[in-house]
Amino acid sequence: MTERIVIEEVLTLRQEALRSTVVRKENSSVGFWVSTIPSEVGHIQGRNSFETQVFKFTGYAQRVGKTGIPNVDLKYDPELTIRWASLDAFEEDLDSAIEYHHQVVNEVADSVESEELI
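The shown structure was predicted, so the numbers you read here are calculated from the model rather than taken from an experiment. (Residues numbered from 1 in each chain as written. Predicted model: local features only at pLDDT ≥ 70, side-chain atom pairs only at ≥ 80, totals over all residues. Heavy atoms only, no water.)

Asker: Sorry if this is basic, but what is going on with the environment of Gln62 here?
Answerer: Relative to the assigned elements, Gln62 resides in strand E4 (residues 50-64). When its relative accessible area of 45% is taken as the criterion, Gln62 is described as partly exposed. In this structure, the C-alpha to C-alpha distance between Gln62 and Val10, residues 52 residues apart in sequence, is 11 Å. Those residues in contact with Gln62, other than ones at most four positions away along the chain, are Gly68 and Ile69. (Helix = DSSP H or I, 4+ residues; strand = E, 2+ residues; numbered from the N terminus. Buried < 20%, exposed > 50% of the residue type's maximum accessible area, 1.4 Å probe, protein only. Contact = heavy atoms within 4.5 Å.)

So this is what it looks like as structure tokens:
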């Protein structure tokens with residue numbers, strides 16, 4: 001029997017973040033963290049744009065009720081960045097940024113379930 005995939009909305013690491021989601025196998029404390037935040041590049045250039053990135057999740061730094069503060073490995077991972085990073089995109093389009101976040105979460109979940117990502 002395959003392990004169930006768990007998708008958890010978690011506390012954001014940055015106050016202005018739009019979405020912060022962990023994808024992992026049910027009995028595992030590791031997985032992937034999908035984060036969508038305002039773009040630094042866009043901010044510097046005076047634009048309101050967003051970026052979504054995927055990082056390795058290594059457990060919770062702290063549990064808060066049914067959610068928590070994720071521990072993540074913020075090192076550059078070319079496999080994850082090339083595949084899903086959306087940097088400085090969705091200018092003035094919050095809804096599309098959130099929609100893309102959910103799309104990436106579902107793709108990561110499919111990749112974890114198929115064991116393409118471990």
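Asker: Can you walk me through the environment of Gly31 in this structure?
Answerer: Inspection of the secondary structure puts Gly31 in strand E3 (residues 31-38). Judged by relative accessible area, which is 12%, Gly31 ranks as buried. Considering only alpha carbons, one finds Gly31 and Leu117, 86 residues apart in sequence, at a separation of 8.8 Å. Setting aside anything within four residues of it in sequence, one finds Gly31 in contact with Val23, Arg24, Phe55, Lys56 and Phe57.

Asker: Mind showing me how you'd approach the nonpolar core here?
Answerer: Grouped burial of nonpolar side chains is what soluble globular proteins tend to show. In this structure, Val54, Trp84 and Val108 are the most contacted members of the largest nonpolar core, which totals 14 residues. Counting only elements with at least two residues in this core, the list comes to E3, helix H2 (78-84) and helix H3 (94-113). In terms of residue count, H3 provides more of this core than any other element does, six residues in total. Here Val108 is in contact with Val23, Phe32, Val34, Val54, Trp84 and Leu117, once residues within four sequence places are set aside. The next biggest cluster of nonpolar side chains, apart from the first, holds six residues, and it includes Val22, Phe55, Phe57 and Val72. (Core = buried A, V, L, I, M, F, W, Y, C linked by side-chain atoms within 4.5 Å.)

Asker: Hey, could you run me through the packing of aromatic side chains in this one?
Answerer: Two descriptors summarise a pair of aromatic rings, namely the distance from one centre to the other and the angle between the planes of the rings. Scanning the model with the defined rule gives three aromatic pairs in all. Here the aromatic rings of Phe90 and Tyr100 are separated by 5.6 Å at their centres, their planes lie at 40°, and the arrangement is tilted. Here the residue Phe90 occupies a position in the loop between strand E6 (86-89) and H3, and Tyr100 occupies one in helix H3, the gap between them amounting to ten residues. Overall, the relative accessible area of 23% leaves Phe90 in the partly exposed class. Judged by relative accessible area, which is 17%, Tyr100 ranks as buried. (Phe/Tyr/Trp six-rings, centres within 6.5 Å; stacked < 30°, edge-to-face > 60°.)

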